[in-house]
Amino acid sequence: MSSPDPQVRASQSAEVRQRRNDSARAGRGPVVAVTGAASGIGALLTQRLAASDEIKKVVAIDERRGDVAEAHWHILDVRDPAIAEKLRGADVVVHLALDLDLESDPAARTAYNVRGTQTVLTAAAAAGVHRVVLCTSAMVYGALPDNDIPLSEDAELRATAEAAGVGDLLEIERLGRRAPRAHPGLNVTVVRPAVLVGGTDTALTRYFESPRLLVVAGSRPTWQFCHVEDLVAALEYAALEKVDGELAVGCDGWLEQEEVEELSGIRRMELPSAVALGAAARLHRIGLTPSPAGDLAYTMHPWVVSVSRLHAAGWRPRWTNEEVLTELLEEVAGRHTVAGRRLGRKDATAAGAAGATVALLGTAALVRRVRKARGRM
């Protein structure tokens, strides 16, 4: 007998649909677990996998329940060793529970990211999972003046820990390389997106919130973007084991700085390297900006990547660099950032078009004022 309560009937209908979906998928495709499944890229991937006929079952893990009713949810912190029991029966784990928030405390962020990855890799091996997919960034290749354009996916990882979050990503990659040796039978796939756009907030997306695009004299910026939809499609390929190893993902080709300025309509502000790097370092050191000076390298030197492995597997990006840049500019419209720091509307009006110049060239006076104020506390 069905309930007269519409909410109860809706819940019963959802349960019936779930049972039918489970029955239809029985014996077909892998069981895929997704960490960080309640928000961001994790939520998008969970939704995509739950709708796929190629996936037998989706196990969603997060500290809160997400909106994908078709997934089987487990609420816990990925650092909890109890996660091993939740992963039992899974064929593949896609680990997306990372803290990459610019405003997070760096020490706490690193502790969460590294410990979480260690726990997931160990738990996956203990649960009999045969593949873990990690998502880092193409930033791990490093932004260097002598980089090839594009970089091979097998290129040496030459990044340092000087940019926000990159140290965490390098450590995650190290853990991923070590895991198959420590746990024979466990395979690790690493997906490295280019500049990620689509509801994201990073030092590189904030670059386009400035009144002027800072260009360091003598540098050779190149821009390659990755829309979150294309990243999710690439992660699905990895989850279905259509591709493995170390993979870069992004739009085909790249944009030169001049093309970016023409498409965006934002003019450049060119500064000597010593001035730009020194000012950025001082602003970060006194806590006025979330971005360390190392972030500037990724706007100075090329780090464009080849996506040949995904191409060989049949994956193609749906977005072009030009389209992603257009979406990014629409997303950041109305936001105001100077030297990586978000400004309120009043501050932005005061800063005006020369705000970036004032922020950088006036750093010495700013530092003196902050130190004097702290001295009075």
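To start, this report covers the structure provided alongside it.

Looking now at the overall build of the protein chain. Helices and strands together make up the secondary structure of the protein chain, namely 14 helices and 15 strands. Per-residue burial over the protein chain gives 50% buried out of 377 residues. Excluding contacts between residues fewer than 6 apart, the proportion of contacts in the protein chain whose partners are at least 24 apart in sequence is 78%.

Attention shifts here to the sheet that holds strand S11 (residues 246–249). Ordered in space as S3-S2-S1-S4-S5-S6-S11, the seven strands form an open sheet in which the pairing is parallel. Here the strands that pair on one side only, and so sit at the sheet edges, are strand S3 (72–75) and S11. Direction aside, the axes of adjacent strands within the sheet are offset by 20° on average. Taken together, the four bridges between strand S4 (residues 92–95) and strand S5 (residues 131–135) define a ladder with parallel strand orientation. Considered in S5, the bridge of Val 94 is made with Val 133. Strands S5, strand S6 (187–193) and S11 of the sheet are contacted by helix H5 (residues 166–182), whose axis makes an angle of about 155° with S6.

Turning to the packing of helix H2 (residues 40–50) against helix H7 (residues 228–239), a few remarks are in order. Between H2 and H7, the shortest axis-to-axis distance is 10 Å and the interhelical angle comes to 55°. Judged by the angle between their axes, H2 and H7 are oblique. Between H2 and H7 the crossing geometry is right-handed. Along the contact surface, H2 presents Ile 41, Leu 44, Leu 45, Arg 48 and Leu 49, while H7 presents Val 228, Leu 231, Val 232, Ala 233, Leu 235 and Glu 236. Taken together, the residues that form the contact of H2 with H7 break down as nine nonpolar, no polar and two charged.

Of the two faces of S4, the one lined by Val 92 and Val 94 and the one lined by Val 93 and His 95 are each fully buried. For strand S1 (residues 31–35) and S4, the ladder comprises four bridges, and the chain directions are parallel. Paired with Thr 35 across the strands is His 95, a residue of S4. In the classification by handedness, the crossover that spans S4, the intervening helix H4 (residues 106–126) and the parallel S5 is right-handed.

A word on the packing of aromatic side chains. The geometry of an aromatic ring pair is captured by the separation of the ring centres together with the interplanar angle, meaning the angle of the planes. The final tally for this structure, using the stated rule, is six aromatic pairs. Both rings, one in Phe 208 and one in Trp 223, keep their centres 5.1 Å apart while their planes meet at 65°; by these two values the pair is edge-to-face. With Phe 208 in the loop between helix H6 (203–206) and strand S8 (213–216) and Trp 223 in strand S9 (residues 222–223), the pair connects residues that are 15 residues apart, well separated along the chain. The buried category is assigned to Phe 208, whose relative accessible area is 3%. Classification of Trp 223 as buried rests on a relative accessible area of 1%. Centre to centre, the rings of Trp 223 and Phe 225 are 6.0 Å apart; their planes meet at 15°, and the pair counts as stacked. For the residue pair Trp 223 and Phe 225, the accessibility class agrees, reading buried in each case.

Attention shifts here to the pattern of salt bridges. Counting across every chain of the model gives 15 salt bridges. Taking the shortest distance from any N to any O, the salt bridge between Arg 158 and Asp 146 comes out at 2.8 Å. Of this pair, Arg 158 sits in the loop between S5 and H5 while Asp 146 sits in the loop between S5 and H5, and the two are 12 residues apart along the sequence. What makes Arg 158 partly exposed here is its relative accessible area of 32%. Residue class for Asp 146 comes out exposed when judged on its relative accessible area of 53%. Measuring nitrogen to oxygen at the nearest pair gives 3.7 Å for the salt bridge that ties Arg 192 to Glu 246. Placement of the pair is Arg 192 in strand S6 and Glu 246 in strand S11, with a sequence separation of 54 residues. By relative accessible area, which is 1% here, Arg 192 ends up buried. Classification of Glu 246 by relative accessible area gives partly exposed; the value is 26%. Linked by salt bridges that have partners in common, Glu 258, Glu 261, Arg 268 and Glu 270 make up one network.

Right, let's talk about the side chain of Gln 257 for a bit. Note on placement: Gln 257 falls in helix H8 (residues 257–264). Looking at Gln 257, its side chain comes within polar contact range of the side chain of Tyr 207, at 3.3 Å. Once residues lying within four places of it in the same chain are set aside, the contact partners of Gln 257 are Tyr 207, Leu 213, Val 215, Pro 221, Trp 223 and Arg 268.

What follows deals with the nonpolar core. Counting residues in hydrophobic clusters, the biggest one holds 78 residues, and the most contacted among them are Val 94, Phe 208, Trp 223, Phe 225, Leu 231, Leu 235 and Tyr 298. When residues in this core are grouped by element, the largest group, nine residues, is from H7. Within the second largest apolar cluster, 30 residues are counted, among which are Ala 33, Ala 84, Ala 123 and Val 132.

Its 21 residues give H4 an end-to-end C-alpha distance of 30 Å, which sits within 8% of 30 Å, the value for a rise of 1.5 Å per residue. For H4, the complete set of buried residues consists of Arg 109, Tyr 112, Asn 113, Val 114, Gly 116, Thr 117, Thr 119, Val 120, Leu 121, Ala 123 and Ala 124. Looking at the buried residues of H4, the elements they touch are S1, helix H3 (83–87), S4, S5, H5 and S6. Directly beyond the C-terminal end of H4, a positive phi value near 85° is found at Gly 128.

Parameters at a glance
Residues numbered from 1 in each chain as written. Predicted model: local features only at pLDDT ≥ 70, side-chain atom pairs only at ≥ 80, totals over all residues. Heavy atoms only, no water. Helix = DSSP H or I, 4+ residues; strand = E, 2+ residues; numbered from the N terminus. Buried < 20%, exposed > 50% of the residue type's maximum accessible area, 1.4 Å probe, protein only. Contact = heavy atoms within 4.5 Å. Pairing = 2+ DSSP bridges. Axes fitted to C-alpha atoms, helices over the stretch in contact; angles between N-to-C directions. Parallel < 35°, antiparallel > 145°, perpendicular 65-115°, else oblique. Left-handed = near helix turned anticlockwise from the far one by under 90°. Nonpolar A, V, L, I, M, F, W, Y, C, P; charged D, E, K, R; others polar. Right-handed = clockwise from strand over helix to strand, strands pointing away. Phe/Tyr/Trp six-rings, centres within 6.5 Å; stacked < 30°, edge-to-face > 60°. Salt bridge = Lys/Arg side-chain N within 4 Å of Asp/Glu carboxyl O. Polar contact = N/O pair within 3.5 Å; in protein donor to acceptor, adjacent residues only side chain to side chain. Core = buried A, V, L, I, M, F, W, Y, C linked by side-chain atoms within 4.5 Å. Expected span 1.5 Å × (residues − 1).

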